[in-house]
Amino acid sequence: MLRNLATAACLLALVDLAAAQNVLVILSDDQGTDSVRCYGGDVRTPRIDQLAAGGVRFARAYSNPVCSPTRGVILTGRYGFRTGIGDIFSIYDRNASTDPESGEFLRTLQEGEDTLADRAGRAGLESAAFGKWHLNDVTDDLPYAPMLRGGFDAYSGALGNIGATSSDETYFHWYRDTNGSQAWTTEYATTATAREAASWINGRDPDSRWICYVAFNAGHAPFHVAPDHLTTYTEAELGRVVTPLEMYRTMIEAMDTEIGHLLDGIGYARRSDVTVVFLGDNGTPAAVSSTPAKAKGSLFEPGIHVPLIVSGAKVTGRGECGALVGAVDVFRTALDLGGVPVAGPATIDSVSLLPYLTSPGAASRRTYVFSEQFNPDGYNGASDGQRSQRAVRNDRFKLIRIEASDTSTSDQFYDLVRDPTESTNLLPMAPADPRRKAYEALSAQLESLLASK
């Protein structure tokens, strides 16, 4: 009885936390934990660090290895093998892959998916998205995809990667979509994203509730030196020949600066009603990583281990949380913070992070985390003949399974406690090896998950 009463009290506390909050989800592009100072990285990120100091920093947060699948799980709360979003959407390629079941072109976030914004709208919340969308390719409804498919009330940003339309496109001269109307702009893209998000938030009635999704293009290529007023890196530091890594660092610091401008711009009084969720969409890219073979695009730790921070006036927990969490969990967390119901007929893979926001040391609500990238039926982004790559990890061990075809499968198995750099594949394994049970358990977990579609 006492245990039940304690559980009930905890749930009531979570409801109180959720009811009064507006939610600001900030997503960086191509920024793993090695590119955030408060995670031990060597890039200057004082405002992100400040968020972490005032809230909960998740030490074991995982995304998918590339952009579009991570955005898909954030906005739907569902793994890619359920939504069909398994690889990078090419918004300028009409030869996009087909849905393996219907045989029709899979060109966008599907109409039947019930998104974060859809659910918010039904509950009376306003919603808007700013920055990089990257959840559709060229379709008839392309300019309106963030609203027609995403369910947002407003949108402004780059529909895909800057530089994808033309070699002339840069962060200083890019093609902006605003509620379906497209035009070239010379406003620095990182600045535009933060400014427009702050403007939209400040335009809301003080009594309104909202969810705002801000997805920066930084630090995705094309690499460049950010404007001087947004970075502390000096010409002397950068030298005469500026490397991609040095450019990348200025881009990340410029984003960090603009995150500060965004938060400062919405004002102190309004900030008291806002919870900020910050995360990266995948690991740092190979061109600027110290471990290029295991960076973005891979299922090794540098490719999928990302920063995740939740901070706000009503986030009473402080410090590091060691629970296993995934980018997919942002979906339910944002809805719970906004007081939005999550129930529905579709399978939801998202788990709320709210218990950790009051008690960072709380036991992990997950026994495993899952990441994937797949290219069925010629889906965009196929490389090296790989059909899929999926990973599942528990508290200690990690299984990576690569399927090059329906009949070709290879596994890799790592002990992340003894081998955090994943340098020794434990397979093949002797029948009497005591770690075999852990391998078989993760293998069964992966197979059971994929069979649940």
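Residues numbered from 1 in each chain as written. Predicted model: local features only at pLDDT ≥ 70, side-chain atom pairs only at ≥ 80, totals over all residues. Heavy atoms only, no water.

A. How the structure looks around the overall build of the chain. Along the backbone of the chain there are 14 helices and 14 strands. Across the chain, the fraction of contacts at a sequence separation of at least 24, relative to all contacts at a separation of at least 6, is 69%. A total of about 18000 Å² of accessible surface is found on the chain, and carbon and sulfur atoms cover 52% of it. (Helix = DSSP H or I, 4+ residues; strand = E, 2+ residues; numbered from the N terminus. Contact = heavy atoms within 4.5 Å. Areas by Shrake-Rupley, 256 points an atom, 1.4 Å probe, with all protein chains shown as cover.)

B. Examining the pattern of salt bridges more closely. Overall, the coordinates contain 28 salt bridges when judged by the stated rule. Put simply, Glu320 and Arg57 hold a salt bridge, and the shortest N to O gap is 2.7 Å. On the criterion of sequence distance, the pair formed by Glu320 in strand β10 (residues 319-326) and Arg57 in strand β2 (residues 55-62) is long-range, its members being 263 residues apart. Classification of Arg57 as buried rests on a relative accessible area of 16%. Notably, a salt bridge pairs Arg71 with Asp281, separated by 3.0 Å at the nearest N-O pair. In this pair, Arg71 is assigned in helix α3 (residues 67-76) and Asp281 in the loop between β8 (274-280) and α11 (301-304), connecting sequence segments 210 residues apart. Each member of the pair Arg71 and Asp281 is classed as buried. (Salt bridge = Lys/Arg side-chain N within 4 Å of Asp/Glu carboxyl O. Buried < 20%, exposed > 50% of the residue type's maximum accessible area, 1.4 Å probe, protein only.)

C. Up close: the packing of aromatic side chains. All told, the structure shown has 15 aromatic pairs when counted by the stated rule. Between Phe58 and Tyr356, the ring centres sit 5.9 Å apart and the planes meet at 75°, which makes this aromatic pair edge-to-face. On the criterion of sequence distance, the pair formed by Phe58 in strand β2 and Tyr356 in helix α13 (residues 354-358) is long-range, its members being 298 residues apart. Exposure class is identical for Phe58 and Tyr356. Each is buried. (Phe/Tyr/Trp six-rings, centres within 6.5 Å; stacked < 30°, edge-to-face > 60°.)

D. The nonpolar core, seen in detail. Core analysis: the biggest nonpolar cluster contains 66 residues, and Phe58, Tyr213, Leu308 and Phe413 have the highest contact counts within it. Not counting the four nearest positions on each side in its chain, Tyr213 is found in contact with Val25, Leu27, Arg71, Ile74, Leu75, Ala128, Ala129, Phe130 and Phe152. (Core = buried A, V, L, I, M, F, W, Y, C linked by side-chain atoms within 4.5 Å.)

E. Main features of helix α9 (residues 244-265). The terminal C-alpha atoms of α9, which comprises 22 residues, lie 31 Å apart, in line with the 32 Å expected from a rise of 1.5 Å per residue. Burial runs high along α9: 16 of the 22 residues are buried. Where α9 ends, the next residue or the one after it, Gly267, has phi of about 85°, a positive value. (Expected span 1.5 Å × (residues − 1).)

F. Fine view of the sheet that holds strand β13 (residues 397-403). The strand order β11-β12-β13-β14 describes an open sheet built from four strands, whose pairing is antiparallel. In this open sheet, the two edge strands, each paired with only one partner strand, are β11 (369-374) and β14 (409-415). Strand-to-strand twist in this sheet, taken as the mean axis angle between neighbours without regard to direction, amounts to 10°. Helix α14 (residues 436-450) rests against β11, β12 (388-393), β13 and β14 of the sheet, and its axis sits at about 55° to β13. (Pairing = 2+ DSSP bridges. Axes fitted to C-alpha atoms, helices over the stretch in contact; angles between N-to-C directions.)

G. Representation of the packing of helix α7 (residues 189-202) against α9. For the pair α7 and α9, the least separation of the axes is 9 Å and the interaxial angle reads 15°. If you check the angle between α7 and α9, you find them roughly parallel. Every pair of crossing elements has a handedness; the one defined by α7 and α9 is right-handed. Where α7 abuts α9, its residues Thr190, Thr191, Ala194, Ala197, Ala198, Ile201 and Asn202 lie against Ala254, Met255, Glu258, Leu262 and Gly265. Per-class residue counts for the contact of α7 with α9 are seven nonpolar, four polar and one charged. (Parallel < 35°, antiparallel > 145°, perpendicular 65-115°, else oblique. Left-handed = near helix turned anticlockwise from the far one by under 90°. Nonpolar A, V, L, I, M, F, W, Y, C, P; charged D, E, K, R; others polar.)

H. Structural view of the environment of Val274. Its location among the elements puts Val274 in strand β8. Separated by 40 residues in sequence, Val274 and Lys314 place their C-alpha atoms 8.5 Å apart. Aside from chain neighbours lying at most four places away, what touches Val274 is Gln21, Asn22, Leu24, Trp210, Ile266, Ser311, Gly312 and Ala313.

I. Structural context of unusual backbone geometry. The omega angle of the peptide bond from Ala221 to Pro222 is 10°, so this bond is cis rather than trans. Along the chain, Pro222 turns up in the loop between β7 (210-215) and α8 (235-238). Unlike most non-glycine residues, Asp30 shows phi in positive territory, near 60°. As for its placement among the helices and strands, Asp30 is situated in the loop between β1 (22-28) and α2 (46-53). Of note, Glu422 is a non-glycine position whose phi angle comes to about 55°, a positive value.

J. Looking closely at α7. The terminal C-alpha atoms of α7, which comprises 14 residues, lie 20 Å apart, in line with the 20 Å expected from a rise of 1.5 Å per residue. Most of α7 sits out of view: eleven of its 14 residues are buried. Within the span of α7, buried status applies to Ala189, Thr190, Thr191, Ala192, Thr193, Ala194, Glu196, Ala197, Ala198, Trp200 and Ile201.

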